Amino acid sequence: MRLRPATSLRVVVQIAAGMLAFAISGKATACELSILTSYPSSFYKPFIDQFVKQSGTVDVCVQNKNTIGLIAHVRENRRPVPDIVWASSPVAFELLEQQGALAKFPEKVSEPVTNGGIQIDASDGSRFGFALSTIGMMSATDQPFGTTTVEIADLASPYYYGLLGMSSPSRSGTTHLFVESLLQQYGWQDGWALLSQIGGNLATVTARSFGVRDGVARKRFPFGIGIDFLARSEPQTGEALLFQAFSPGWYFPASVAVTGLGAQNARSLEFVDFLRGDIAQHLLLHPEIRRIPIDPKLWPQAGFSPSENNPAQGLDLKLAARRMAVVNALYDDMITHRLLELRKLWQSLRRLEATPVITQSDATKPLLNAVRDALESVPVAAFMANEHSFERVFSDGVPTENAVVGRLRLQDSWSNDFSQRFKSARELIARMDAFQSHLDTGAVK
């Protein structure tokens, strides 16, 4: 077996000899199975090794991209064209299914798991679950969570100021899933308000989800928002982190799918069946992997006990896919690119909201409300974000010139709106600071 990225030196050397076949099929002829995944090699290599041993496959090509890059690769028909797509976020598969990029095998769909009502597979057979994931908080072993559960709203507490790490949803599929799940659970307006408050507590926004784990492990920040297996897996160096799922538990299937081209390769369904088979399901329990199998009989070994109240079960994947690019763009403009300013503004607002002379004065109460509104609002209403017209403008496929121009204009208008909101917040905070410093607190009505 030669396990290697699809862009390895061997493939480059073979391009001249195999150019005609590559042009026809879109894939390197030497690859018996071509896999595109968002998982790191530390995760996928044990599965590939076992699959090769079990199936007799000689050459498996694996290409790694983050979830957003993976979606763009498939939607834009970039080469090499994969047989298999393998990732955590069900939203990514929904987008690819809507694009018509995935083959469907409805006869292979499994029944929902009775315990917890978990729908493992897509009902149309376009994707198949092989593991379960939960979203929550990770920390180092010397920073325990205590006995209380952690709810999403708790992350807005001033206690977490400067203590949280999180990746950008535009760079991480699981982070987008967290953001979208929050928006659907709390509603568009209240959801963005909560995201802004959490953003005000962030120490950093990392480029990839793995950066959150790395930041916690290296003591750059004590807590990270992320997925369970990143925390619980034991790397070759270092140790596993602590992990506590949010309450109520958000768990969803990590999946694998066959592309249209992959449907012509018998190895594709072999790999899908392998991941859902007994050997791979037990492999998920290994210390260096630590994922929850889809086989309920193995849940006790994984320490997993599903709750009937799982918000992720009610997640509208079609809505999430339709507005994915809009949500990601808004998050980056509101939080990722303005993190230092947002954090400073929230610190100032919380300080003023804890100052009696400010909270008790008829002159400053409206100012406090105005600052909070400026920090918590986005310049896109829910009905606008849900429109198909936005999907066309923000499509990750190859856009038309008009779509590019339209997207740039929209993003410029959003950026200007956020700039004005934050400027207004700074000015109002300065007025309240001046009010506090120049008036006798006992005389203020």
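Quick caveat, the model's predicted, so the values are computed rather than measured.

### Description of the overall build of the protein
Each helix and strand in the protein was counted, giving 20 helices and ten strands. If you take every contact in the protein between residues at least 6 apart in sequence, the share linking residues at least 24 apart comes to 77%. Of the roughly 19,200 Å² of accessible surface on the protein, 53% is carried by carbon and sulfur atoms.

### Looking at the packing of aromatic side chains
Under the definition given, this model contains 20 aromatic pairs. Considering the side-chain rings of phenylalanine 271 and phenylalanine 274, the 6.2 Å spacing of their centres and the 35° angle between planes classify their relative orientation as tilted. With phenylalanine 271 and phenylalanine 274 both in helix H10 (residues 266–275) and three residues apart, the pair spans about one turn of that helix. In textbook terms, an aromatic cluster arises when at least three aromatic residues are bridged by ring pairs, as seen for Tyr39, Phe43, Phe47, Phe51, Trp86, Phe130, Phe229, Phe271 and Phe274. Above the plane of the ring of phenylalanine 422 lies arginine 338, whose end atom (NZ or CZ) is 5.8 Å from the centre.

### So, the environment of phenylalanine 418
Tracing the backbone through its elements, the reader meets phenylalanine 418 in helix H20 (residues 401–438). Residue class for phenylalanine 418 comes out buried when judged on its relative accessible area of 0%. Residues phenylalanine 418 and serine 377, 41 residues apart in the sequence, show an inter-C-alpha distance of 8.9 Å. Other than its neighbours up to four places away in sequence, phenylalanine 418 contacts Leu330, Asp333, Met334, Arg338, Ser377, Val378 and Pro379.

### What about the packing of helix H15 (residues 339–353) against helix H17 (residues 365–376)?
As a packed pair, H15 and H17 sit with axes 11 Å apart at the nearest point and diverge in direction by 155°. Taken together, the axes of H15 and H17 lie roughly antiparallel to each other. H17 is crossed by H15, and the crossing has left-handed handedness. Only Leu368, Val371, Arg372, Leu375 and Glu376 of H17 make contact with H15, whose side of the interface consists of Leu342, Leu345, Trp346, Leu349, Leu352 and Glu353. For the contact of H15 with H17, the class distribution of residues is eight nonpolar, no polar and three charged.

### Quick word on the pairing of strand E5 (residues 164–167)
Where burial is concerned, the two faces of E5 agree: the one with Leu164 and Met166 and the one with Gly165 and Ser167 are both buried. Bridge count for E5 against strand E6 (residues 202–206) is four bridges, and the pairing is parallel. Looking across to E6, one finds that serine 167 is bridged to threonine 206. Pairing between E5 and strand E7 (residues 223–227): two bridges, direction parallel. From the neighbouring strand, glycine 165 faces E7, where its bridge partner is glycine 224.

### Details of the pattern of salt bridges
Applying the stated criterion across every chain yields a total of 19 salt bridges. In this structure, glutamate 180 engages arginine 323 in a salt bridge whose closest nitrogen and oxygen atoms are separated by 2.7 Å. Note that glutamate 180 is positioned in helix H6 (residues 173–186) and arginine 323 in the loop between helix H13 (317–322) and helix H14 (324–334), a separation of 143 residues in sequence. Accessibility assignment for this pair places glutamate 180 and arginine 323 in one class, buried. Arginine 338 is paired through a salt bridge with aspartate 333; the nearest N and O atoms lie 3.0 Å apart. Per residue, the accessibility class of arginine 338 equals that of aspartate 333, and both read buried.

### As for empty space enclosed by the protein
One pass over the structure, following the stated rule, counts four cavities of 30 Å³ or more. If you add up the space inside the largest cavity, you get close to 160 Å³. Around the largest cavity, the lining is made up of 16 residues, and of these Ser38, Thr67, Thr174, Ser209 and Phe210 lie nearest the centre. For the lining of the largest cavity, the elements supplying multiple residues, two or more each, are H6, helix H8 (209–217) and helix H9 (228–232). Considering only residue class, the lining of the largest cavity consists of five nonpolar, nine polar and two charged.

### Structural notes on the layout of surface pockets
Approximately 390 Å³ is the volume attributed to the second largest pocket. What lines the second largest pocket is a set of 22 residues, and nearest its centre among them are Pro90, Glu94, Ala122, Arg127 and Leu317. Among the elements of the structure, helix H5 (90–98), H6, strand E9 (251–258) and H13 are those that each provide at least two residues to the lining of the second largest pocket. Residue contributions to the lining of the second largest pocket peak at four residues, all from H5.

### Some points on the state of the cysteines
Considering all chains together, one arrives at one disulfide under this definition. Each sulfur of the disulfide joining cysteine 31 and cysteine 61 lies 1.8 Å from the other. Here the disulfide of cysteine 31 and cysteine 61 is left-handed, its torsion about the S-S bond being about -80°. In this pair, cysteine 31 is assigned in the loop between helix H2 (19–25) and strand E1 (33–37) and cysteine 61 in strand E2 (residues 60–64), connecting sequence segments 30 residues apart. The same class applies to cysteine 31 and to cysteine 61, which are both buried.

Rules and cut-offs
Residues numbered from 1 in each chain as written. Predicted model: local features only at pLDDT ≥ 70, side-chain atom pairs only at ≥ 80, totals over all residues. Heavy atoms only, no water. Helix = DSSP H or I, 4+ residues; strand = E, 2+ residues; numbered from the N terminus. Contact = heavy atoms within 4.5 Å. Areas by Shrake-Rupley, 256 points an atom, 1.4 Å probe, with all protein chains shown as cover. Phe/Tyr/Trp six-rings, centres within 6.5 Å; stacked < 30°, edge-to-face > 60°. Lys NZ or Arg CZ within 6 Å of the ring centre and 35° of its normal. Buried < 20%, exposed > 50% of the residue type's maximum accessible area, 1.4 Å probe, protein only. Axes fitted to C-alpha atoms, helices over the stretch in contact; angles between N-to-C directions. Parallel < 35°, antiparallel > 145°, perpendicular 65-115°, else oblique. Left-handed = near helix turned anticlockwise from the far one by under 90°. Nonpolar A, V, L, I, M, F, W, Y, C, P; charged D, E, K, R; others polar. Pairing = 2+ DSSP bridges. Salt bridge = Lys/Arg side-chain N within 4 Å of Asp/Glu carboxyl O. 1 Å grid on protein atoms, 1.4 Å probe; cavity = no way out; pocket = protein on both sides within 12 Å on 5 of 7 lines; lining within 4 Å. Points joined across faces, edges and corners; volume = space filled by probe spheres on them. Disulfide = S-S within 2.5 Å.

This is a description of form; function is not addressed.
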